[in-house]
Amino acid sequence: MFNKLRLGKNRNNTSTLRNKIDDIKKSPIPEHVAIIMDGNGRWAKKRALPRIAGHHEGMKVVRKTTKLASELGIKTLTLYAFSTENWKRPKNEVEYIMSLPDEFLGTFLPDLIKENVQVKMMGYKNQLPVHTLRAIEKAIEDTKNNDGLVLNFALNYGSRAEILDGVKQVLNDSKSGKLKETDLDEKVFSSYLMTADFTDPDLLIRTSGEIRLSNFMLWQLAYSEFWFTDVLWPDFNEEHLLEAIETFQKRQRRFGGI
Ligand code: FPP
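Here's a quick rundown of the structure. (Residues numbered from 1 in each chain as written. Predicted model: local features only at pLDDT ≥ 70, side-chain atom pairs only at ≥ 80, totals over all residues. Heavy atoms only, no water.)

Moving on, we get to the pattern of salt bridges. Scanning the entire structure with this criterion turns up 18 salt bridges. The partner of Glu 71 in a salt bridge is Arg 18, and the shortest N-O contact between them spans 3.0 Å. Placement of Glu 71 in helix 3 (residues 51-72) and of Arg 18 in helix 1 (residues 11-24) is noted, with a sequence separation of 53 residues between them. Owing to a relative accessible area of 28%, Arg 18 belongs among the partly exposed residues under this scheme. Residue Lys 144 pairs with Glu 141 through a salt bridge whose shortest N-O separation is 2.7 Å. (Salt bridge = Lys/Arg side-chain N within 4 Å of Asp/Glu carboxyl O. Helix = DSSP H or I, 4+ residues; strand = E, 2+ residues; numbered from the N terminus. Buried < 20%, exposed > 50% of the residue type's maximum accessible area, 1.4 Å probe, protein only.)

Structure, rendered in structure tokens:
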């Protein structure tokens, strides 16, 4: 557990949040939380800052969110950091976002190792800049024996491409006789996706007021609970995460049953 979790700006806020955390931990915690971290650009624009300032602030929120997720006992936290479509952004912005894993892991990796967090990544590695991939792969290697929170970065990730690639592999395995058509069911197909090692997200959070999935985990989110907020990602704080989880805990999940 993160023993240096600092919550709130003053002692009163800290104890209120601490009580809230303790309360929330009395009910079932979502095993896998996935977040579409949106609104960095608008956050910066509101302050007449360059868009990259919003991404930098957003990176700091990743730190706070990881700490709280670990403290709450969430097993997997998947963060949508860069989509296969985000390459369309201006070159300087893409380059900046691609430098964030270096900065984040450069400063935070020792804490992640200490706190038993396991770093993973899903997405197309081939197109990533060498320095980005190197930072991520080092973090994956250095944390591979940890068995606490899995911090899964979706980086150069796109769900349609992932599903198509899964279908192609299924066809290959079927042609080679490795997979029989009668053996293909939802569970087996899931094992062909980048999330093969994870359970499906129980809770999806999207910030910034956009109510869409933007090519994120389309297969995996089939039965997840969704929580949308107008809060821009750089403004997302511990209270917001707790509110999302509290709402989740009040929902009735029926998975198609009654
Ligand atoms: C979407 O907001 C955000 C992104 C495409 C980048 C998200 C990246 C981070 C939060 C930092 C990730 C940190 C690490 C360690 C990888 P937007 O730019 O689309 O915002 P807008 O809709 O307001 O323009």
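Not every one of the 17 residues close to the ligand is listed here, only the nearest: Gly 41, Arg 42, Arg 51, His 55 and Arg 89. A distance of 2.9 Å separates an oxygen atom of the ligand from a polar side-chain atom of Arg 51. Protein contacts shield 92% of the accessible area of the ligand, which totals 620 Å² for the unbound molecule. With respect to the pocket detection grid, the ligand is positioned in the largest pocket. At the level of secondary structure, the elements contributing two or more residues to the shell around the ligand comprise helix 2 (40-46), helix 3 and helix 4 (91-114). Among the residues making up the shell around the ligand, the classes are represented as 7 nonpolar, 6 polar and 4 charged. (Near = heavy atom within 4 Å. Polar contact = N/O pair within 3.5 Å; in protein donor to acceptor, adjacent residues only side chain to side chain. Areas by Shrake-Rupley, 256 points an atom, 1.4 Å probe, with all protein chains shown as cover. 1 Å grid on protein atoms, 1.4 Å probe; cavity = no way out; pocket = protein on both sides within 12 Å on 5 of 7 lines; lining within 4 Å. Sits in = over half its atoms within 2 Å of the grid points. Nonpolar A, V, L, I, M, F, W, Y, C, P; charged D, E, K, R; others polar.)

What follows concerns the nonpolar core. Core analysis: the biggest nonpolar cluster contains 49 residues, and Leu 72, Phe 104, Leu 112 and Ile 205 have the highest contact counts within it. Setting aside residues no more than four positions away along its own chain, Ile 205 makes contact with Val 33, Ala 34, Ile 35, Ile 36, Trp 227, Phe 236, Leu 241 and Ala 244. (Core = buried A, V, L, I, M, F, W, Y, C linked by side-chain atoms within 4.5 Å. Contact = heavy atoms within 4.5 Å.)

A sheet is described by the order of its strands in space; here 6 strands give the open sequence 3-4-2-1-5-6, paired in parallel fashion. Only two strands of the sheet have a single neighbouring strand rather than two, namely strand 3 (118-122) and strand 6 (225-228). Strand-to-strand twist in this sheet, taken as the mean axis angle between neighbours without regard to direction, amounts to 20 degrees. Sheet topology note: the strand 3/strand 4 (residues 150-157) ladder contains 5 bridges and is parallel. Looking at strand 4, one finds that Met 122 is bridged to Ala 154. (Pairing = 2+ DSSP bridges. Axes fitted to C-alpha atoms, helices over the stretch in contact; angles between N-to-C directions.)

Right, let's talk about the layout of surface pockets for a bit. Approximately 720 Å³ is the volume attributed to the largest pocket. Lining the largest pocket we find 32 residues, and of these Met 37, Tyr 80, Ala 81, Phe 82 and Asn 86 sit closest to its centre. Of the residues contributing to the lining of the largest pocket, the split by class is 15 nonpolar, 9 polar and 8 charged. (Points joined across faces, edges and corners; volume = space filled by probe spheres on them.)

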